[in-house]
Amino acid sequence: MDTYITVTVYGENAEQIVEGAQKSIEDYERLWSVTSPGSEIYKINNSGGKAVVVSDETIELIEFALEMSLETDGALNPAIYPLLSLWGFTKEENYVPSESEINSLLKNVDCSTVKLDDNAVIVPDNIMLDFGSVGKGFVGDKITEQLQHQGIKSALLDIGGNVQAIGTKPDGEAWKIGLRNPMNEGILGVLSVSDLSVVTSGNYERYFVDDNGKRYGHIIDPASGYPVENDLLSVTIIGEKGRQCDALSTALFVMGFDKAIEFFKDNGGFEMILVKNNGEIYATSGVRAIFSTDNEVFFI
Ligand code: AMP
Ligand code: MG
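Residues numbered from 1 in each chain as written. Chains lettered and ligands numbered in written order. Predicted model: local features only at pLDDT ≥ 70, side-chain atom pairs only at ≥ 80, totals over all residues. Heavy atoms only, no water.

### Re the coordination of the magnesium ion (ligand 2)
Within the protein, Ser133 (O), Asp246 (O), Asp246 (OD) and Thr250 (OG1) serve as the donor atoms for the magnesium ion (ligand 2), at 2.0 to 2.4 Å. Between the donor residues of the magnesium ion (ligand 2), the gaps in sequence give the motif S-x112-D-x3-T. Here Ser133 is found in the loop between β4 (120-122) and α6 (135-149), whereas its partner Thr250 is found in helix α7 (residues 242-255), with 117 residues between them in sequence. By the burial criterion, Ser133 is buried, and Thr250 matches it. (Donors = N, O, S within 2.8 Å, 3.2 Å for Na, K, Ca; no water. Helix = DSSP H or I, 4+ residues; strand = E, 2+ residues; numbered from the N terminus. Buried < 20%, exposed > 50% of the residue type's maximum accessible area, 1.4 Å probe, protein only.)

Written as structure tokens, this is what we have:
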């Protein structure tokens with residue numbers, strides 16, 4: 001997944017259970033990596049338009065991402081890969097494409113062309129899938145279930161900044177999660193959570209800077225084909241499921257401040273913290289009781 005993962009487990013056989021979690025994470029990586037030829041996603045992306053039969057879990061992942069794409073009006077787009085690759089984000093070979101290069105690829109990111117039939121996936125030749133926006137949250141949910149089945153009541157998963165708190169700390173206190181300040185290397189504040197997932201998206205995590213000092217982030221607006229450049233620096237989503245938080249943090253970052261608030265009001269079912277590029281911090285009212293910070297926060 002091209003990131004660091006920390007698994008903290010308290011309880012009997014904790015060491016063995018952490019090893020099991022590591023093995024499962026590696027299995028998911030093998031299943032869903034866009035770059036390794038053995039993965040199911042690689043097979044789908046290189047199928048030449050033919051049906052590819054995949055595992056139940058891959059179907060679950062694809063179904064979820066397509067559903068969230070519809071729910072977010074296309075802000076989340078699991079077929080964004082051709083554009084990501086054009087910008088060089090898939091190989092760390094950064095490149096600023098011309099407008100015509102971007103326009104010619106915009107037709108290749110239509111995820112409504114993906115067809116599922118039981119365990120078969122049919123993706124047109126010009127379409128490629130990438131689950132960088134939801135995969136980590138999804139794996140977080142799977143590992144959470146695995147640990148819970150093994151009787152673990154206290155654990156913390158951090159999959160590249162996608163945090164999943166299982167139960168409380170062993171002493172019964174909530175887990176403390178530091179949120180990174182997108183404006184500097186410091187901490188924005190600390191969330192106290194138990195049995196919740198906390199996921200942040202922003203263009204400060206993965207980006208490149210061109211010769212003129214302009215910054216290009218790794219989250220692409222599927223409507224324009226350009227890296228997101230709006231009034232947000234970061235979106236943190238707090239909710240019960242890692243996959244939901246992961247999908248929404250990416251999608252609401254694409255939407256920008258006003259649409260993100262509108263989405264929250266229309267849908268709910270999660271809490272969020274938005275940092276605007278003027279430095280203002282906004283949060284939903286459910287955050288009030290669990291967020292401690294020295295910064296001023298405007299509540300929605
Ligand atoms: P996240 O860190 O969860 O916000 O996901 C960002 C990653 O998802 C990027 O590094 C890309 O691999 C991919 N991505 C970029 N833009 C989008 C988008 N609009 N919809 C879905 N995935 C995207
Ligand atoms: Mg995400």
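Having seen the model, we can carry on.
### Digging into the sheet that holds strand β2 (residues 52-53)
One open sheet accounts for three strands, arranged β2-β4-β3; its pairing is antiparallel. Two strands lie at the open edges of the sheet, namely β2 and β3 (115-117), each paired on one side alone. (Pairing = 2+ DSSP bridges.)

### Looking at the site of ligand 1
Around ligand 1, the structure places 17 residues, and the nearest of them are Asn77, Ser201, His218, Ile220 and Thr250. Ala75 is positioned with one of its backbone polar atoms (N or O) 3.1 Å from a nitrogen atom of ligand 1. For ligand 1, a nitrogen atom lies 2.8 Å from a polar atom in the backbone of Asn77. Alone, ligand 1 offers 500 Å² of accessible surface; in the complex the protein occludes 92% of this. Considering every element that reaches the shell around ligand 1, the biggest residue donor is α7, with three residues. Looking at the shell around ligand 1 residue by residue, the classes come out as eight nonpolar, six polar and three charged. (Near = heavy atom within 4 Å. Polar contact = N/O pair within 3.5 Å; in protein donor to acceptor, adjacent residues only side chain to side chain. Areas by Shrake-Rupley, 256 points an atom, 1.4 Å probe, with all protein chains shown as cover. Nonpolar A, V, L, I, M, F, W, Y, C, P; charged D, E, K, R; others polar.)

### Description of the pairing of strand β13 (residues 271-276)
Among the six residues that make up β13, five are buried, leaving the element largely enclosed by the rest of the structure. Inspection of the sheet shows strand β12 (residues 232-239) paired to β13 by six bridges, in the antiparallel sense. Residue pairing in the sheet places Thr236 in a bridge with Ile273 of β13. Where β13 meets strand β14 (residues 281-283), three bridges bridge the pair, whose relative direction is antiparallel. Within β14, the residue paired with Ile273 across the bridge is Ala283. Counting the residues in the hairpin turn of β13 and β14 gives four residues, including Gly279, whose phi is positive at 90 degrees.

### Considerations on the nonpolar core
Grouped together as the largest cluster of nonpolar side chains are 63 residues, with contacts concentrated most on Ile44, Leu129, Leu147, Leu252 and Leu274. With eight residues, the single largest contributor to this core is α7. Filtering out sequence-adjacent residues up to four positions away, Leu252 remains in contact with Leu232, Val235, Ile237, Ala260, Phe263, Phe270 and Met272. Grouped together as the second largest cluster of nonpolar side chains are 18 residues, Trp175, Val193, Val287 and Val297 included. (Core = buried A, V, L, I, M, F, W, Y, C linked by side-chain atoms within 4.5 Å. Contact = heavy atoms within 4.5 Å.)

Functional significance is not addressed by these values, which are geometric in nature.
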